[in-house]
Amino acid sequence: MAEGLTWNVYDANTMTQADIYGEVLCALGEKNPDIVGLSADLAKSTKIGKFAERFPERFFNAGVAEQNMFGMAAGLAKAGLIPFVSTMAVFTTMRAAEQVRTDICYQQLNVKIIATHSGISFGQAGTTHHCTEDLGIMRSLANMTIIAPSDGIETANAVRESVDYPGPVYIRIGRGFEPNCNDSDDYGFQIGRAVEMHPGTDITLICCGITVLQAVEAAKHLKENDGLSVRVVNMHTIKPLDREAVLSAIQDTRRIITFEEHNVLGGLGTAVAEVVAASGKACAFEQVGIPDCYCLVGYPEDLYHHYQLNMDGMVQKVREVMGRDFEDDEDWEDEV
Amino acid sequence: MTISDQEIKEMEKRAKQLREDIIDITYWAGGAHIGGALSMVEILVTLYDKHLAIDPGNPDWEDRDRVVLSKGHAGVGYVPLLARKGYFDFDLLKDFNKFKSPFGMHPDSLKVKGVDVSTGSLGHGLSMAVGLALGARYKKKSWYTYCVLGDGECNEGSIWEAAMAASHFKLTNLITFVDRNKYSVDGPTEDVMGIEPFSDKWNAFGFIVKEVDGHSFPALSDAIEAAKNETSGPVVIIADTLKGKGVDFMEDDVKWHYGGLDSDVLVEAKASLNK
């Protein structure tokens with residue numbers, strides 16, 4: 001475990017991503033007096049409240065006023081501080097979208113946004129609290145870096161790395177007690193560099209967030225039952241995207257499926273599709289996510305099942321794509 | 001810090017220069033938000049001549065006072081003042097609005113020296129000013145943050161979110177102006193979306209309100225001085241101004257919220273300044 005952290009993998013298994021974020025931010029705050037915190041009456045549920053308890057003199061609760069909060073964060077950054085801002089993803093990227101763009105991204109300010117309850121992780125709350133648009137919205141903001149950590153351990157890594165990473169960073173995390181897919185935080189996490197979670201040569205599943213663990217499970221299942229060699233890529237950074245990891249997947253497996261807790265428009269799948277299209281290589285390609293609709297209401301596990309974002313759904317999707325008529329092209333190596 | 005008659009004369013000269021510059025740049029640029037630039041001239045001249053701790057030779061000086069021109073569309077009245085203060089060469093403003101110019105209509109803090117915060121989208125400036133003031137307090141710095149709002153801008157809900165925060169955090173190191181020129185784009189503020197009783201609103205949000213003649217240097221200067229001595233909460237100085245002030249045919253006429261000048265009108269406008 002990294003310096004300054006008291007929690008261990010056992011803790012990580014019993015803590016939410018947000019809990020871990022709160023702990024890590026406290027540890028960072030001990031070392032760096034320039035780190036300040038903000039929330040909009042969600043200090044408790046986003047767990048930035050841990051920082052607030054430890055450092056009350058540098059935590060600012062904006063009340064239920066997200067636009068003002070992101071403007072305040074811009075001002076604090078202009079004063080030379082490093083604000084960490086936490087509220088739900090939906091209010092960050094839509095209610096305060098213009099402040100995030102114009103106050104923070106346009107001025108290239110050092111504001112770190114940890115947006116919780118992303119995707120459909122608060123499925124039971126309904127559409128007002130779902131956020132299946134944030135990746136698309138944030139991707140179109142110049143200067144923004146976007147990370148969707150796969151678990152609490154990766155959240156810790158992302159939060160730590162974001163401190164010294166210049167400019168605005170958007171880290172989207174969930175809400176529940178999702179299990180970990182990393183055994184430790186010592187796997188060379190680097191912003192913008194994808195992680196291969198499972199080797200494979202038949203097909204590649206490119207994932208972010210909670211879908212990574214499900215994909216690893218699916219890959220094991222498919223190896224055992226179908227004899228398929230399924231590569232799983234953890235594309236934790238959506239922007240800047242690790243294009244090399246996508247190009248390798250095209251080259252080595254020629255079949256890609258993306259899985260994300262987001263509308264199929266605008267997010268990870270779209271980002272990967274852009275690389276596939278520009279590669280000039282033929283590649284079977286499928287995007288799985290929320291199919292351009294407002295997600296149903298329900299507990300996340302039921303929703304993940306419904307939208308084929310869990311292991312069962314992934315296994316089925318892989319079999320579908322593998323069953324398609326996708327002939328090898330002898331001249332493929334010569335293509336542009 | 002009362003100001004002497006001599007100082008007032010100097011400030012009047014600089015205000016006239018700034019109005020001339022505004023007219024010239026509007027002419028060069030083919031159009032600008034001239035009415036709301038002319039109305040805030042005395043506010044900016046009082047600040048920059050008399051009150052701000054700044055060093056144009058060292059624009060990033062950490063302990064400088066900060067200025068947030070929340071009514072960023074009035075940039076045509078701000079950047080020439082910065083040029084005259086020595087932040088950059090005035091002649092650069094001949095390219096205002098033009099291809100690759102650092103000077104767009106709305107000031108960009110990454111491109112224009114002396115501009116502390118990029119503005120232009122109304123309703124954003126006061127929040128950023130609140131953040132700056134909180135940052136100064138946390139860092140135990142004594143610099144002040146000054147924020148200049150437009151009156152039409154106060155239709156934005158985010159202004160009142162920020163106002164709530166400024167008084168909640170008792171930001172006595174934040175001094176806010178409203179350039180109350182009584183017009184927004186579409187007409188008189190009270191016809192478009194009324195903001196009165198304006199001073200009562202600020203009061204209700206926890207501000208100490210000072211209403212002054214926005215074209216009087218002594219009145220503005222005294223209000224700033226009083227604001228600095230205030231210990232109970234943030235101060236807003238509501239500056240009663242005339243849109244288009246100084247150019248007789250532009251005064252109190254919403255038509256000149258944004259406008260261009262041809263060479264005849266340019267001469268006429270400048271002549272009006274000398275009346």
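All values reported here derive from a predicted model rather than from experimental measurement.

Moving on, we come to the overall build of chain B. For chain B, the helix and strand inventory stands at 10 helices and seven strands. Computed over its C-alpha atoms, the radius of gyration of chain B comes to 17 Å, within 12% of the 19 Å expected for a compact globule of 275 residues. Its C-alpha atoms give chain B principal-axis dimensions of about 50 × 45 × 40 Å. Counting all 275 residues of chain B, 51% fall into the buried class. Put simply, of all contacts in chain B between residues at least 6 apart along the chain, 76% involve residues at least 24 apart.

Here we come to unusual backbone geometry. Across the junction of A:Lys239 and A:Pro240, the peptide omega takes the value 0°, indicating a cis bond. Inspection of the secondary structure assignment puts A:Pro240 in the loop between β10 (237–239) and α11 (243–253). Geometrically, the link from B:Glu196 to B:Pro197 is a cis peptide bond, its omega value of -5° lying close to zero. Located in the positive-phi region is B:Lys140, a residue other than glycine, with phi close to 60°. In this structure B:Lys140 comes out as exposed when scored by C-beta crowding, with 6 C-beta atoms within 10 Å.

When you tally the buried positions in helix α3 (residues 41–51) of chain B, you get eight out of 11 residues, the bulk of the element. Every buried residue of α3(B) is accounted for by B:Val41, B:Glu42, B:Ile43, B:Leu44, B:Val45, B:Thr46, B:Leu47 and B:Tyr48.

All names here are of chain A. Following both chains from N to C, one finds helix α10 (residues 211–226) and helix α14 (residues 311–323) inclined at 55°, their axes separated by 8 Å at the closest point. Comparing their axes, α14 and α10 come out oblique. The handedness of the crossing between α10 and α14 is right-handed. Two secondary-structure elements touch here, α10 through Gln214, Ala215, Glu217, Ala218, His221 and Leu222 and α14 through Met311, Met314, Val315 and Val318. Split by residue class, the contact of α10 with α14 holds seven nonpolar, two polar and one charged.

All names here are of chain B. Burial runs high along strand β2 (residues 145–150): six of the six residues are buried. The alternating pattern of β2 places Thr145, Cys147 and Leu149 on one face and Tyr146, Val148 and Gly150 on the opposite face, and all of these are buried. Across four bridges, strand β1 (residues 66–69) lies against β2 in parallel orientation. By the bridge assignment for β2, Val68 is matched with Cys147.

Residue and element names in this part refer to chain B. End to end, helix α9 (residues 217–228) covers 17 Å across 12 residues, agreeing with the expected 16 Å (1.5 Å per residue, within 8%). Of all the residues in α9, the buried ones are Phe217, Leu220, Ser221, Ala223, Ile224 and Ala227. Taken around the axis of α9, the buried residues stretch over an arc of 160°, which confines them to a single face. Summarising the contacts, the buried residues of α9 are in contact with α1 (5–29), α3, β3 (174–180), β6 (208–213) and β7 (235–240).

Tallying the contact residues gives 23 residues for chain B and 26 residues for chain A. Elements supplying a minimum of two residues to the side of chain B that touches chain A: α5 (125–138) and α6 (157–168) of chain B. Residue composition of the side of chain B that touches chain A, by class: 12 nonpolar, eight polar and three charged.

With that out of the way, let us pick up the domain arrangement of chain A. All names here are of chain A. Under the domain assignment used here, chain A contains domain 1 (9–172) and domain 2 (195–324). The distance between the C-alpha centroids of domain 1 and domain 2 comes to 26 Å. Listed as interface residues are 23 residues of domain 1 and, on the opposing side, 25 residues of domain 2. Listed by contribution, the elements that provide at least two residues to the side of domain 1 that touches domain 2 are α8 (134–139), β5 (145–147) and α9 (152–164). Classifying every residue of the side of domain 1 that touches domain 2 by side-chain character gives eight nonpolar, 11 polar and four charged.

The next point concerns the sheet that holds strand β2 (residues 59–61) of chain A. Within a sheet, neighbouring strands are paired by backbone hydrogen bonds and run either parallel or antiparallel to one another. Residues and elements named next belong to chain A. Across the sheet, which stays open at both edges, the seven strands sit in the order β2-β1-β3-β4-β6-β5-β10 with mixed pairing between neighbours. Each of the sheet's edge strands pairs with one partner strand only, and the pair in question is β2 and β10. The mean angle between the axes of side-by-side strands here comes to 20°, regardless of whether they run parallel or antiparallel. Here three bridges tie β5 to strand β6 (residues 169–172), and the two strands are oriented parallel to one another. Bridge pairing links Ile146 to Tyr170 in β6.

Residue and element names in this part refer to chain A. Covered by surrounding structure in β6 are Val169 and Ile171 together with Tyr170 and Arg172, the residues of both alternating faces. In this structure, strand β4 (residues 112–116) lies alongside β6, joined through four bridges in parallel fashion. Within β6, the residue paired with Ile113 across the bridge is Tyr170. Handedness of the crossover joining β5 and β6 through α9 is recorded here as right-handed.

Moving on, we get to the environment of A:Ile147. Residue and element names in this part refer to chain A. As for its placement among the helices and strands, Ile147 is situated in strand β5. What makes Ile147 buried here is the crowd of 27 C-beta atoms within 10 Å. Setting aside residues no more than four positions away along its own chain, Ile147 makes contact with Ala158, Val169, Ile171, Ile191, His236 and Thr237.

Below, the discussion takes up the sheet that holds β1(B). All names here are of chain B. Spatial ordering of the open sheet is given by β1-β2-β3-β7-β6, a layout of five strands whose pairing is parallel. Whereas interior strands pair on both sides, the edge strands pair on one side only; in this sheet they are β1 and β6. Averaged over all adjacent pairs, the angle separating strand axes in this sheet is 20°, with direction ignored. When β6 meets β7, the two strands line up parallel, connected through six bridges. The residue bridging Val212 from the neighbouring strand is Ala239, located in β7. Against the sheet, α9 contacts β3, β6 and β7, and its axis sits at roughly 165° relative to β6.

About the cut-offs
All residue numbers refer to position in the chain's written sequence, counted from 1. Chain labels run from A onward and ligand labels from 1 onward, assigned in the order the entries are written. Since the coordinates come from a predicted model, pLDDT governs what is reported: local features require at least 70, and pairs of side-chain atoms require 80 or more to be given and counted, while whole-chain, interface and lining totals use all residues. Helix and strand assignments follow DSSP, with helices taken as H or I runs no shorter than four residues and strands as E runs no shorter than two, numbered in order from the N terminus. Only the C-alpha atoms count toward the radius of gyration. The rule for a globule is 2.2 Å times the residue count to the power 0.38. Three exposure classes are used. Buried residues have 20 or more other C-beta atoms within 10 Å of their own C-beta, exposed residues have 12 or fewer, and partly exposed residues fall in between, all C-beta atoms being placed from the backbone. Two residues form a contact once the distance between their C-beta atoms, set from the backbone, is within 7 Å. The axes used here are C-alpha line fits, helices contributing only the stretch in contact, and every angle between their N-to-C directions lies in the interval 0 to 180 degrees. Each angle receives one of four descriptions, namely roughly parallel if under 35 degrees, roughly antiparallel if over 145, roughly perpendicular if within 65 to 115, and oblique otherwise. In this scheme the crossing of two helices becomes right-handed for a clockwise turn of the near helix relative to the far one and left-handed for an anticlockwise turn of less than a right angle. Amino acid classes used here: Ala, Val, Leu, Ile, Met, Phe, Trp, Tyr, Cys and Pro are nonpolar; Asp, Glu, Lys and Arg are charged; the rest, including Gly, are polar. For two strands to count as paired, DSSP must find a minimum of two bridges between them. A helix is expected to span 1.5 Å multiplied by its residue count minus one. The arc in question is the one spanned by the directions pointing from the helix axis to the C-beta atoms. Segment limits for the domains were obtained from an automatic or database-derived domain assignment. Every crossover in which the path from the first strand over the helix to the second runs clockwise, viewed with the strands pointing away from the viewer, is termed right-handed.

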